[in-house]
Amino acid sequence: MLAKITSKNQITIPKKIIDKIPNVKHFDIELKDGIIIMKPVKFYDTNLDQIRAKIKKIGLKENSVAEAIKWAKSKKSEPS
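The following paragraphs examine the structure supplied in this document. Being a predicted model, the structure only gives us computed values, none of them experimental. (Residues numbered from 1 in each chain as written. Predicted model: local features only at pLDDT ≥ 70, side-chain atom pairs only at ≥ 80, totals over all residues. Heavy atoms only, no water.)

Thoughts on helix H2 (residues 48–58)
An α-helix turns once per 3.6 residues; consequently, residues spaced three or four apart project the same way.
Working step 1: Among the eleven residues of H2, zero are classified as buried, and the element is accordingly described as predominantly exposed.
Working step 2: Of the residues that open H2, the one with a side-chain oxygen 3.0 Å from the backbone nitrogen of Asp49 is Asn47.
Working step 3: After H2 finishes, the residue Gly59 shows a positive phi value of roughly 80 degrees. (Buried < 20%, exposed > 50% of the residue type's maximum accessible area, 1.4 Å probe, protein only. Helix = DSSP H or I, 4+ residues; strand = E, 2+ residues; numbered from the N terminus. Polar contact = N/O pair within 3.5 Å; in protein donor to acceptor, adjacent residues only side chain to side chain.)

Points about a nonpolar patch on the surface
Working step 1: On the surface, a nonpolar cluster with roughly 430 Å² of combined accessible area is contributed by Leu48, Ile51, Ile55, Ile58 and Leu60.
Working step 2: Assignment of secondary structure puts Ile55 in helix H2. (Patch = residues over 30% accessible without salt bridge, like charges linked within 9 Å, V, L, I, M, F, W, Y side chains within 5 Å. Areas by Shrake-Rupley, 256 points an atom, 1.4 Å probe, with all protein chains shown as cover. Salt bridge = Lys/Arg side-chain N within 4 Å of Asp/Glu carboxyl O.)

Brief notes about the pattern of salt bridges
Working step 1: Per the counting criterion, the structure on display carries three salt bridges.
Working step 2: Glu30 serves as the salt-bridge partner of Lys39, at 3.5 Å between the closest nitrogen and oxygen.
Working step 3: Salt-bridge contacts for Arg52 lead to Asp49; the nearest nitrogen and oxygen are separated by 3.8 Å. Here Arg52 pairs with Asp49, and both are found in helix H2, just three residues apart, close to one helical turn.
Working step 4: With relative accessibility at 52%, the residue Arg52 sits in the exposed group.
Working step 5: Judged by its relative accessible area of 58%, Asp49 is exposed.

Quick look at unusual backbone geometry
Working step 1: Even without being glycine, Asn9 reaches a positive phi, approximately 60 degrees.
Working step 2: In this structure, Asn9 sits in the segment before helix H1 (15–18).
Working step 3: Take Asn9: its relative accessible area is 67%, and that puts it in the exposed class.

Structural notes on the layout of surface pockets
Working step 1: Considered as a void within the structure, the largest pocket measures approximately 320 Å³ in volume.
Working step 2: Taken together, 13 residues line the largest pocket, and the ones lying closest to its centre are Ile11, Ile13, Pro14, Ile36 and Met38.
Working step 3: Every element with two or more residues in the lining of the largest pocket is listed here: strand S1 (26–32) and strand S2 (35–41).
Working step 4: Looking at the lining of the largest pocket residue by residue, the classes come out as 13 nonpolar, no polar and no charged. (1 Å grid on protein atoms, 1.4 Å probe; cavity = no way out; pocket = protein on both sides within 12 Å on 5 of 7 lines; lining within 4 Å. Points joined across faces, edges and corners; volume = space filled by probe spheres on them. Nonpolar A, V, L, I, M, F, W, Y, C, P; charged D, E, K, R; others polar.)

Spelled out as structure tokens, the structure:
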């Protein structure tokens, strides 16, 4: 299918293509070897209060991820 760039650098995606990816409003765009690649991106509503409550409930602290990485690296260097 053919698409044209407007004077404002906009492209209309043909309806036949958009119909196959309903509810997508954003795309991750990449130029690779002279080819434009558009990947649909879906966003989800996030409730930060629920996330914070879950983090508190399971006892994660600010340094929990760093500690987990340090632990995993130490296990990797141990002989099996």
